[in-house]
Amino acid sequence: MRVLVVEDEKRLAEGLKRGLEAEGFAVDVASTGTDGLWMATENDYSVILLDIMLPGMSGYRVCERLRAAENWTPVLMLTAKDGEWDQVEALDTGADDYLTKPFSFAILLARMRALIRRGAAERPAVLEAGDIRVDPSTRQVTRGAERIEVTAREFAVLEYLMRRKGDVVSKRDIIDNVWDDDFDGEQNIVEVYVGHLRNKLDRPFGRNAIETLRGAGYRLASHGG
C-alpha cells in the first residue's frame with residue numbers, strides 16, 4: 001500500500017518514511033502543500049499523512065481542495081497545534097482523523113490502519129442533492145442561488161436526511177439520530193419539522209424533495225425533487 005507524507009519538517013518526514021517502509025508501506029514525501037496537492041491528485045494512495053502548517057498551501061486548504069475534487073483518500077492530519085478549534089477545522093475541511101505532535105509511532109500506525117480498513121468511501125464536506133446544498137461546517141442551506149434560513153433542529157433533521165438521501169428513514173431513525181437520548185416525546189414531532197422544511201425548501205420552489213412513504217417514513221430524493 002502506498003502512503004503520501006506531506007510534511008515540511010525534514011527529520012520528521014524522513015523518520016516517518018523509514019518507519020513506514022519498515023512496516024511494508026511504499027512512501028512518497030512532499031515538503032510543501034502545493035506539491036502534496038499535486039501528488040495526491042496525480043497518484044493513488046491508501047492514506048495521506050498531512051501536516052497543517054505547510055509552505056505554499058496549508059493542510060486545511062490541501063484537504064479542502066481534494067474533497068472539492070471528489071478525492072476521498074483517507075486523510076490523517078498531523079500538527080503541533082492542539083486547540084479544539086484547530087481540530088474542528090481539520091475535520092470540517094474533510095480530514096478523517098487528527099493526531100497532535102509529538103505522537104507515538106504505534107498510535108500513528110493504528111490510526112492509519114483504521115482509516116485504510118474504512119477505505120476511500122465518499123465523505124463530502126458539503127452535502128448535495130440536486131440543487132440543494134447543506135454545509136455542516138457553516139450550518140448553511142441553499143437551494144440553487146437562494147439561501148434558506150433554518151433553525152438548529154430543522155438543520156439537524158435536514159442534515160440526517162441528506163446523509164441518507166435516497167434511503168427510506170423512519171421517524172424512529174430520525175429521532176434516534178437528531179434528538180437527545182432522553183427524548184420521550186411523541187414520534188409525530190418529526191412530522192412537524194419535516195413540515196417546516198417543506199415550507200422552506202420545497203413549496204416556495206414548486207419542488208418535492210422530501211417524500212412521505214406512508215407507514216415507512218421519509219426519503220430525500222437524490223436528485224433534489
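Conventions adopted
- Residues numbered from 1 in each chain as written.
- Predicted model: local features only at pLDDT ≥ 70, side-chain atom pairs only at ≥ 80, totals over all residues.
- Heavy atoms only, no water.
- Helix = DSSP H or I, 4+ residues; strand = E, 2+ residues; numbered from the N terminus.
- Buried < 20%, exposed > 50% of the residue type's maximum accessible area, 1.4 Å probe, protein only.
- Contact = heavy atoms within 4.5 Å.
- Domains from an automatic or database assignment.

> How should I be thinking about the environment of proline 136 in this particular structure?
As for its placement among the helices and strands, proline 136 is situated in the loop between β7 (132-135) and β8 (140-143). Residue classification places proline 136 among the buried positions, given a relative accessible area of 19%. Separated by 44 residues in the primary sequence, proline 136 and aspartate 92 have C-alpha atoms spaced 7.8 Å apart. Apart from residues no more than four positions distant in its own chain, proline 136 is found in contact with Ala125, Leu127, Phe155, Glu159 and Arg163.

> Can you walk me through the domain arrangement of the protein in this structure?
Size of an interface: often given as the accessible area lost when the parts come together. In terms of domain boundaries, the protein breaks down into domain 1 (2-120) and domain 2 (127-220). Just the C-alpha atoms count here: the centres of domain 1 and domain 2 sit 33 Å apart.

> Just to check I follow, could you spell out unusual backbone geometry for this structure?
Apart from glycine, the bulk of residues carry a negative phi angle, and the bulk of peptide bonds sit in the trans form. Geometrically, the link from lysine 101 to proline 102 is a cis peptide bond, its omega value of -10° lying close to zero. Within the fold, proline 102 resides in the loop between β5 (97-100) and α5 (105-118). Unusually for a residue other than glycine, glutamate 70 sits at a positive phi of about 60°. Examined against the element boundaries, glutamate 70 turns out to sit in the loop between α3 (59-68) and β4 (75-79).

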